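Chain and residue survey
Take a look at the letters that make up each chain.
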Protein chains: 2
Amino acid sequence: MSALLGQRRGLMLVLSSPSGAGKTTITRRILERDAQLTISVSVTTRPQRPGEIDGVHYHFIDKAEFDRRVAANQLLEHATVFGNSYGTPRGPVEATLTAGRDVVADVDWQGTQQLQQNFRDNMVSIFVLPPTLDELERRLRSRAQDSAAVVAERMAKAADEMSHWAEYDYVIVNDRLDQSVAHVATILAAERLKRERQPGLAAFVNRLREGGG
Amino acid sequence: MSALLGQRRGLMLVLSSPSGAGKTTITRRILERDAQLTISVSVTTRPQRPGEIDGVHYHFIDKAEFDRRVAANQLLEHATVFGNSYGTPRGPVEATLTAGRDVVADVDWQGTQQLQQNFRDNMVSIFVLPPTLDELERRLRSRAQDSAAVVAERMAKAADEMSHWAEYDYVIVNDRLDQSVAHVATILAAERLKRERQPGLAAFVNRLREGGG
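The present account deals with the structure reproduced in this document. (Residues numbered from 1 in each chain as written. Chains lettered and ligands numbered in written order. Predicted model: local features only at pLDDT ≥ 70, side-chain atom pairs only at ≥ 80, totals over all residues. Heavy atoms only, no water.)

1. Overview of the nonpolar core
Rules: Only buried Ala, Val, Leu, Ile, Met, Phe, Trp, Tyr and Cys residues count toward a nonpolar core, and they belong to the same one when joined by side-chain atoms within 4.5 Å. Per-residue accessibility, obtained with a 1.4 Å probe over protein chains only, is compared with the maximum for each type, and a residue is labelled buried under 20%, exposed over 50%, and partly exposed between these values. Contacts are assigned to residue pairs that have any heavy atoms within 4.5 Å of one another.
One finds Leu13(A) and Leu13(B) to be the most contacted residues of the largest nonpolar core, which totals 38 residues. Non-local contacts of Leu13(B), meaning those with residues more than four positions away in its chain, are made with Val103(B), Val104(B), Ala105(B), Val124(B), Ile126(B), Val184(B) and Leu188(B).

Given below as structure tokens:
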């Protein structure tokens, strides 16, 4: 269809969930199967964890550089969580959307609210819920790098994060990972069929109505 | 997910297209593969064609009965096309939606506008376009029962019908039938994941936040 209808502007796909509900895994899996999708790599001031690659998992920067970027309006959204700052760089996202590719960002409710201000109708948001609170705690405990104190802190924050589910377009209960990934793929595919995301339609229909085919 | 979240109200799926663009075939195919979906059988005053079954393809009624139903507000929408009247019965649609099943209706732009007044956010509309005008004419000619005069009349009406594409939520160019059926299935699946279509979510999240899981 894209050949018929010309280039569309990409859409901003936002995934949020309490830490441990599966958002990061879902994001990685949907990126593997969808060639039209690019991830937005956040900047952060938090320490690099073992196994994390600078520029892949995050761009690791110090607080002075972070503050400079905020002041220069180079971040689409930013927030401070557990004493660390996170943000979404504006430049790469804008360039990707203009090139007609979609961008997925994995941010919390604060980030979502700020992105919504920037993207409005060009944004699609999905909230991922854990099936149970026990399951959420089990997933957090299974992360070797997180201490018991961090787990307790994240469980407390989960209740707060989940209170914002009603601000999202779609909600997925992440009971089975495969099904959740399929749900996100389905949402993306449907959103690309929305009238306003097919910019060549008016010209296409006019040619049809004039008999040009 | 439905087991976790309780019963939702069904949604009204509307498919429109110029005659011959494939709407009826797509509707039949999507009904075969989606057990949650029921078709709305229209009433009509037009003569029954060979092969058509009363109560399956249409409910065939006379003009006096049609007018009586309009006056009694028993039709969700109605229109007169090529001298014949068509309408969507209110009772069966309301009962199906209340039972948590989705309804698909195959109506023109006039019907869509009236259904939109009744269903608002609980309606999803898809416009099906032919890939070319030549292809539309070829499909109309291949219908043995339509005379050359009827084909010419329908081609003239197609341009008028297509002028309303911008009133629909989604647009599909019916280039390959299989792909178009898959697109409709995708749209339905995504719409069922919309936050407002999962009525048990507020209670579910409250239980999660209170630690009840």
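The structure having been displayed, the exposition proceeds.
2. So, the relation of the copies chain B and chain A
Selection criterion: The copies are overlaid by a least-squares fit using only the C-alpha atoms of residues whose pLDDT is at least 70 in both copies.
Placing chain B over chain A gives an RMSD of 0.0 Å and needs a rotation angle of 180°, together with 0.0 Å of translation along the axis. Those values place the two copies in the arrangement expected of a two-fold rotation axis. By C-alpha distance to the rotation axis, the residue of chain B lying nearest is Thr186(B), at 2.9 Å. The overlap is high: 100% of the interface residues of chain B also sit at the interface in chain A, so the same surface is used on both sides.

3. Comments concerning the packing of aromatic side chains
Residues and elements named next belong to chain A. Note the threshold: Working definition: a ring pair exists when centres of Phe, Tyr or Trp rings (six-membered ring for Trp) sit within 6.5 Å. Plane angles under 30 degrees give stacked, over 60 give edge-to-face, the rest tilted. In DSSP terms, a helix is any run of H or I states spanning at least four residues, a strand is any run of E spanning at least two, and both are numbered starting from the N terminus.
Under the counting rule described, the total for this entry stands at six aromatic pairs over all chains. The interplanar angle of 55° and the centroid separation of 5.9 Å between the aromatic rings of Tyr-58 and Tyr-86 together place this pair among those described as tilted. With Tyr-58 in the loop between β3 (43-44) and β4 (59-60) and Tyr-86 in strand β6 (residues 84-89), this residue pair connects regions lying 28 residues apart in the sequence. The structure contains a cluster of three or more aromatic residues connected by ring pairs, namely Tyr-58, Phe-60 and Tyr-86.

4. Topic: the sheet that holds strand β8 (residues 123-129) of chain A
All names here are of chain A. Spelled out, the test is: DSSP-based pairing: two strands are paired if at least 2 bridges between them are found. Geometry is summarised by axes, namely lines fitted to C-alpha atoms with helices restricted to the contacting stretch, and by angles between N-to-C directions that run from 0 to 180 degrees.
Strand order in this open sheet of five strands is β2-β7-β1-β8-β9, and the pairing throughout is parallel. Both edges of this open sheet fall to β2 (37-39) and β9 (170-173), since each of them pairs with a single strand only. The average angle at which neighbouring strand axes cross in this sheet is 25°, direction not considered. Relative to strand β7 (residues 102-106), strand β1 (residues 12-16) runs parallel, the two being bridged by four bridges. What sits directly across from Met-12, in β7, is Val-103. The sheet strands contacting helix α5 (residues 109-119) are β1, β7 and β8, and the helix crosses β1 at an angle near 165°.

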